[in-house]
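# Understanding the architecture of this molecule
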Amino acid sequence: MDKAVIDVIREKEQLPDGMSDGEIAREYKGIYTAARAAVSLDHKPLDQVLADAMSKVFPFMRKK
């Protein structure tokens, strides 16, 4: 897990500073929070990511 993702999880979940990066990586590995944190690093909301993916698969579904 990237250090940037761990930092975002620590901030969003308000985890104590005493918790090591390794502990956070083990605790949140494969969990929705980790995915949400990774998406937020790109500064794109999850809804927008899904809309972009759907518009590529189904061009007629693009928002106008």
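Residues numbered from 1 in each chain as written. Predicted model: local features only at pLDDT ≥ 70, side-chain atom pairs only at ≥ 80, totals over all residues. Heavy atoms only, no water.

Moving on: the confidence of the model for the protein. Residue-level pLDDT values for the protein average 76, and 66% of them are 70 or greater. Mean pLDDT across the secondary structure elements of the protein bottoms out at helix α3 (residues 32-41), with 65, and peaks at helix α2 (residues 21-28), with 86. (pLDDT = per-residue confidence, 0-100. Helix = DSSP H or I, 4+ residues; strand = E, 2+ residues; numbered from the N terminus.)

Turning to helix α1 (residues 3-12), a few remarks are in order. Every buried residue belonging to α1 is among V5, I6, V8, I9 and R10, and all of these are buried. The positive-phi residue at the C-terminal boundary of α1 is Q14, with phi of around 50 degrees. (Buried < 20%, exposed > 50% of the residue type's maximum accessible area, 1.4 Å probe, protein only.)

Right, let's get into a nonpolar patch on the surface. Together, M54, V57 and F58 line one region of the surface with nonpolar side chains, adding up to about 260 Å² of accessible area. Its location among the elements puts V57 in helix α4 (residues 46-57). Among the residues examined, V57 registers a relative accessible area of 55% and is labelled exposed. (Patch = residues over 30% accessible without salt bridge, like charges linked within 9 Å, V, L, I, M, F, W, Y side chains within 5 Å. Areas by Shrake-Rupley, 256 points an atom, 1.4 Å probe, with all protein chains shown as cover. Salt bridge = Lys/Arg side-chain N within 4 Å of Asp/Glu carboxyl O.)

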